[in-house]
Amino acid sequence: MLREYDIVIYGASGFTGKFVVKELCSLAAQGSFPDPKWAIAGRSKQKLDAVSSEVSREFSSIPAPGSIIADAGEGANESPPQALIGMAKATKVVLNCVGPYRFTGKKVVLACLDASTDYLDLCGEPEFIERMILKYHDAALEKGISIVHAAAFDSVPADLGALLAKKKLLEKGATPSSVEMYFKMIVSGNVSPGIKFATYQAAVEGFGSVGELRNVRKALSAKQPRLTTVGPRPKAPAGFLGKFPPYFPRVSGYLIPYFFADPAVVRQTQILEAVHSAGLPPIQFGAYLVIPSLRVLLLMMFYLTIFSFLAIRKWGRDLLLRHPKLFSHGTVYKDGPPIDALKYTAFQETFVAKGYSTGLDPKSGAKPDVEIVTRVTGPDVGYVATPILFLFCARVLLQERDRVRCGVLTPAVAFGETELIEELNKDGRVTFSVVEA
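Residues numbered from 1 in each chain as written. Predicted model: local features only at pLDDT ≥ 70, side-chain atom pairs only at ≥ 80, totals over all residues. Heavy atoms only, no water.

What about the overall build of the chain?
- The number of helices and strands found in the chain is 14 helices and 16 strands.
- Relative to its 437 residues, the chain shows a buried fraction of 53%.
- Long-range pairs, those at least 24 residues apart, make up 80% of the contacts in the chain between residues at least 6 apart in sequence.
- When the accessible surface of the chain is split by element, carbon and sulfur atoms take 54% of a total near 19,500 Å².
- Averaged over its 50 positive side-chain charges, the chain has a centre that lies 6 Å from the centre of its 42 negative ones. (Helix = DSSP H or I, 4+ residues; strand = E, 2+ residues; numbered from the N terminus. Buried < 20%, exposed > 50% of the residue type's maximum accessible area, 1.4 Å probe, protein only. Contact = heavy atoms within 4.5 Å. Areas by Shrake-Rupley, 256 points an atom, 1.4 Å probe, with all protein chains shown as cover. Lys, Arg positive; Asp, Glu negative; His and termini not counted. Charge placed at Lys NZ, Arg CZ, Asp CG, Glu CD.)

Next up, the structure:
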């Protein structure tokens, strides 16, 4: 089917959407995304016109975007409005920047299914991701389209970083057992990292939907294959008296469990690889946040304890959403964090992969005897790395369509056989490397 556009950026006038728009324009201006046929979409014509005018002034050498008015929040029922379906029919791929996805994401997915259009989003909400896999994976397969969640940060670095580590074990002839991820945020200068309110809202609502997530996973487990892994499960080093978060010299920081979407996405990848007969053995996955100092650790533990207590109660969620700065140590901003602060933050994810060499029986109780360390590094996760990753996923989806799997997918399953890692390494801003082989 002939489409008017290659890409439509839905939610282009939002805080994150504007970064995605400018990244596309920057890539096009450099020749990395030549002559894009693209459009911006959202519910406000006035805001879209303002975005279009701004990028036309800043990037006069590239084609001006088309403009599409569509609103996923329109209508009381779950069916997507006709304007949203029309938006999906006009393009090869929709980039959905509108969250929290639990409220409006389903309608955009349904519009893309109706239009047989590929879809990418920035979602870091496990309950939404796994519900979409449960409900629409088979339909997307039948349509021959890819619906890829968490196609930025979350969870491209974690998912493809773990995949890279697993493949390196296989290249050494080892049977993969586990991958442990250590995430470290690097802050230079006297700045405090921040997030926009919609991201915070998604976290609040996500903590409140634990029961729904449990039900979705129960239903998914009845449909999906049961995996058999080998070797011991990843286990963090013991802390003070076996309880206090440990200091881990290998990554120069204290460890606490990683409580964002990456572990759920990577674990779902292991199952979807089996569904798609990818020929890759499943690994056990552990993930940790690396906290650089005792002061920051104690501060985080204090706020996380309060957040966890409130987020599982309706009145508590209302309180958290009414007073975001109070309950986040001032790191949540209604209109997004200060842009000048973004250049002072970066991230590093270190992956320690373990496996068994040929001849060593994992069932013998022996510990893995092969280890490989890989790493992913990049700039600010939320608003610099995210648009880079998002646009490279979109470019690969368009340029290597026959190598991208179909269905409702995680990033590593969708892009595992493409040149995505190689393309990101060529760009040089988000890079994947082998540290110890």
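Some details on a nonpolar patch on the surface
- A cluster of nonpolar side chains, namely Leu294, Leu298 and Met301, defines an oily patch on the protein surface of about 240 Å² accessible area.
- By secondary structure assignment, the location of methionine 301 is in helix α10 (residues 294–311). (Patch = residues over 30% accessible without salt bridge, like charges linked within 9 Å, V, L, I, M, F, W, Y side chains within 5 Å. Salt bridge = Lys/Arg side-chain N within 4 Å of Asp/Glu carboxyl O.)

Quick look at the environment of glutamate 58
- Its place among the elements puts glutamate 58 in helix α2 (residues 45–58).
- Judged by its relative accessible area of 47%, glutamate 58 is partly exposed.
- It is 44 Å that separates the C-alpha atoms of glutamate 58 and arginine 250, two residues lying 192 residues apart in sequence.
- Polar contacts involving the side chain of glutamate 58 include one to the side chain of lysine 22, which spans 3.4 Å. (Polar contact = N/O pair within 3.5 Å; in protein donor to acceptor, adjacent residues only side chain to side chain.)

Let's talk about the UniProt feature "transmembrane region" (unreviewed entry) in the chain
- Mapped onto this numbering, the UniProt entry gives "transmembrane region" (unreviewed entry) at residues 285–312.
- From the first C-alpha to the last, residues 285–312 spans 26 Å; its make-up is 64% helix and 25% strand. (UniProt positions renumbered as here; feature names shortened; annotations may be inferred.)

A closer look at α2
- An ideal rise of 1.5 Å per residue puts 20 Å on 14 residues; α2 measures up with 20 Å between its terminal C-alpha atoms.
- All of the buried residues in α2 are Leu48, Val51, Ser52 and Val55. With its buried residues spanning 100 degrees around the axis, α2 presents them on a single face. Exposed side of α2, more than 90 degrees from the buried face: Gln46 and Arg57 are the residues found there.
- Where α2 is buried, its residues touch α1 (15–29), β2 (38–42) and β3 (66–69). (Expected span 1.5 Å × (residues − 1). Arc of directions from axis to C-beta.)

Considering the packing of helix α7 (residues 197–207) against helix α11 (residues 314–322)
- Closest axis-to-axis distance for the α7/α11 pair is 10 Å, and the angle between their directions is 170 degrees. Here α7 lies roughly antiparallel to α11, going by the angle between them. Where α7 approaches α11, its residues Phe197, Tyr200, Gln201, Val204 and Glu205 are matched on the opposing element by Arg317, Leu320 and Leu321.
- Residues belonging to the contact of α7 with α11 are distributed by class as follows: 5 nonpolar, 1 polar and 2 charged. (Axes fitted to C-alpha atoms, helices over the stretch in contact; angles between N-to-C directions. Parallel < 35°, antiparallel > 145°, perpendicular 65-115°, else oblique. Nonpolar A, V, L, I, M, F, W, Y, C, P; charged D, E, K, R; others polar.)

Some points on the environment of glutamate 54
- Along the chain, the position of glutamate 54 falls in helix α2.
- As a C-alpha pair, glutamate 54 and lysine 22 span 32 residues in sequence and 9.6 Å in three-dimensional space.

Here we look at the nonpolar core
- If you look at the biggest cluster of nonpolar residues, it comprises 117 residues, and the most contacted ones within it are Ile9, Leu95, Leu120 and Phe415.
- Per-element accounting of this core gives the leading share, 11 residues, to helix α12 (residues 381–399).
- Structurally, this core is a two-domain feature, drawing no fewer than three residues from each of domain 1 (5–121) and domain 2 (156–381 + 426–436).
- Among all residues touching leucine 120, those that are not within four sequence positions of it are Val93, Val94, Leu95, Asn96, Val148, Ala151, Phe390, Cys393, Ala394, Leu397 and Phe415.
- Among the nonpolar cores identified, the runner-up in size contains 10 residues, and Val204, Leu310, Ala311 and Val332 belong to it. (Core = buried A, V, L, I, M, F, W, Y, C linked by side-chain atoms within 4.5 Å. Domains from an automatic or database assignment.)

Section: the packing of aromatic side chains
- One pass over the full model with this rule turns up 18 aromatic pairs.
- With centroids separated by 5.3 Å and ring planes inclined at 35 degrees, the aromatic side chains of tyrosine 182 and phenylalanine 248 adopt a geometry described as tilted. Separated by 66 residues along the polypeptide, tyrosine 182 in strand β7 (residues 175–187) and phenylalanine 248 in strand β9 (residues 247–248) bring together distant segments of the chain.
- When the centroid spacing of 5.2 Å and the interplanar angle of 75 degrees are considered together, the rings of tyrosine 247 and tyrosine 254 count as edge-to-face.
- Judged by its relative accessible area of 45%, tyrosine 247 is partly exposed. (Phe/Tyr/Trp six-rings, centres within 6.5 Å; stacked < 30°, edge-to-face > 60°.)

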